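Coordinates in review
For reference, the chains in residue letters:
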Amino acid sequence: MRATSQASSHGIRTVVVPAAGMGTRFLPATKTVPKELLPVIDTPGIELIAAEAAQAGAQRLAIITAPEKQEIMRHFGNFDELCATLAERGKTTQVEKVQRATNLIEAVSVVQEKPLGLGHAVGCAEAALDDDEDVVAVMLPDDLVLPNGAMEKMAQVRDELGGSVLCAYNVTPEEVFNYGVFDVEEIDGHFDGFSVKRVRGMVEKPAQEEAPSTLVAVGRYLLDRAVFDALRRITPGKGGELQLTDAIELMIQEGHPVHVVVHEGKRHDLGNPAGYIPANVDFGLHDKTYGPALYTAIKAIISEYEAENPQL
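All values reported here derive from a predicted model rather than from experimental measurement.

1. Here's the deal with the overall build of the protein
Counting its regular elements, the protein contains 10 helices and 13 strands. Relative to a compact globule of 312 residues, whose C-alpha radius of gyration would be 20 Å, the protein shows 20 Å and is just as compact. Taken along its principal axes, the extent of the C-alpha atoms in the protein is 60 × 55 × 45 Å. Counting the 312 residues in the protein, one finds 48% classified as buried. Partitioning the intrachain contacts of the protein with sequence separation of at least 6 by distance along the chain shows that 77% fall at a separation of at least 24. Working note: accessible area of the protein is about 15,900 Å², and carbon and sulfur atoms make up 52% of it. Positive and negative side-chain charges in the protein, numbering 28 and 46 respectively, have mean positions lying 4 Å apart.

2. A closer look at the packing of helix H9 (residues 273–285) against helix H10 (residues 291–308)
Where H9 meets H10, the axes come as close as 8 Å, and the angle between the chain directions of the two elements is 130°. With respect to H10, the element H9 is oriented oblique. On H10, the residues touching Val 281, Gly 284 and Leu 285 of H9 are Gly 291, Leu 294, Tyr 295 and Ile 298. Per-class residue counts for the contact of H9 with H10 are 5 nonpolar, 2 polar and no charged.

3. Considering the domain arrangement of the protein
By domain assignment, the protein separates into domain 1 (14–271) and domain 2 (273–305). Look at where the C-alpha atoms of domain 1 and domain 2 centre, and you get two points 27 Å apart. The contact between domain 1 and domain 2 buries some 1,000 Å² in all, and 68% of this surface belongs to carbon and sulfur atoms. Put simply, domain 1 and domain 2 have 1 salt bridge between them. Of the charged contacts in the structure, one is a salt bridge between Lys 266 and Asp 282, with a shortest N-O distance of 2.9 Å. Put simply, domain 1 and domain 2 have 5 residue pairs in polar contact (both at pLDDT 80 or more) between them. For the side of domain 1 that touches domain 2, the secondary-structure elements that each account for two or more residues are strand E2 (39–40), strand E7 (143–146) and strand E13 (266–269). A per-element tally of the side of domain 1 that touches domain 2 places E13 first, with 3 residues. Residues that form the side of domain 1 that touches domain 2 fall into these classes: 9 nonpolar, 1 polar and 3 charged.

4. Some points on the environment of Tyr 295
Of note, Tyr 295 is situated in helix H10. Residue class for Tyr 295 comes out partly exposed when judged on its relative accessible area of 47%. Put simply, Tyr 295 and Ile 46 are 249 residues apart on the chain and 26 Å apart in space, counted from C-alpha to C-alpha.

Criteria and thresholds
Residues numbered from 1 in each chain as written. Predicted model: local features only at pLDDT ≥ 70, side-chain atom pairs only at ≥ 80, totals over all residues. Heavy atoms only, no water. Helix = DSSP H or I, 4+ residues; strand = E, 2+ residues; numbered from the N terminus. Rg over C-alpha atoms; globule rule 2.2 N^0.38 Å. Buried < 20%, exposed > 50% of the residue type's maximum accessible area, 1.4 Å probe, protein only. Contact = heavy atoms within 4.5 Å. Areas by Shrake-Rupley, 256 points an atom, 1.4 Å probe, with all protein chains shown as cover. Lys, Arg positive; Asp, Glu negative; His and termini not counted. Charge placed at Lys NZ, Arg CZ, Asp CG, Glu CD. Axes fitted to C-alpha atoms, helices over the stretch in contact; angles between N-to-C directions. Parallel < 35°, antiparallel > 145°, perpendicular 65-115°, else oblique. Nonpolar A, V, L, I, M, F, W, Y, C, P; charged D, E, K, R; others polar. Domains from an automatic or database assignment. Buried area = accessible area lost by both parts, 1.4 Å probe. Salt bridge = Lys/Arg side-chain N within 4 Å of Asp/Glu carboxyl O. Polar contact = N/O pair within 3.5 Å; in protein donor to acceptor, adjacent residues only side chain to side chain.

Shown next as structure tokens:
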């Protein structure tokens with residue numbers, strides 16, 4: 001039976017997880033396995049997101065899927081026969097692992113018929129919210145923001161300052177062209193243990209010399225329900241896609257308060273092999289079972305690599 005939880009004291013009830021992408025950067029693996037089910041050690045990325053959502057007090061995970069990607073929802077289903085077989089063999093730890101996703105949170109499917117941008121994906125989730133929900137949380141499954149807890153901080157800021165709250169991460173000036181970049185200003189007052197700034201605007205993937213800051217958007221959003229109205233009023237861009245950044249920018253222009261919580265921890269990008277591989281190494285090194293042997297193996301691999309490449 002799924003563990004039930006009360007809605008977060010901050011009102012977070014539904015977390016939207018856009019997962020309808022094609023996963024082209026992981027081909028050929030993603031011909032048959034959705035990118036969101038690729039494991040970090042032994043746990044799919046989507047399950048890590050579900051655990052974070054449950055920790056934030058959410059009761060429902062609204063997963064935006066493509067018509068041909070229903071395997072993701074299957075992961076949150078029941079596996080009674082598998083669990084029975086494992087239990088008969090005394091593999092209780094494995095039974096717990098199999099049942100974990102099902103017990104974490106209620107997962108519901110929202111089908112996005114065509115990949116028309118992140119904004120369109122978020123807009124598809126409106127019908128999954130209850131009528132009295134005035135805030136929607138969005139977690140991008142490509143982004144692991146560690147340690148968990150960013151959403152709780154964002155909810156604390158929304159409680160005090162209202163409006164919408166996003167998560168920001170500092171990158172080097174050379175990296176800004178890969179991201180949506182925040183134009184920010186300082187605010188009066190402070191929050192214990194973390195930095196908060198007011199957002200004046202956002203610039204999508206600017207050149208280094210045109211970037212208003214080095215604070216970029218990572219995949220955590222806590223948005224006022226007004227975002228759905230804004231999404232209906234923005235103009236589609238290239239390929240007919242609706243961008244969430246454009247809707248947030250429209251809200252800012254119309255006086256809607258938007259702030260960012262500056263994340264000071266780690267961030268792993270599971271959306272491409274260059275980020276996915278380090279995430280597995282990081283998680284593996286910190287795993288009690290695999291960490292010691294992995295540490296020894298990595299040292300040997302690095303030593304051999306350095307011997308083969310003395311110019312490094």
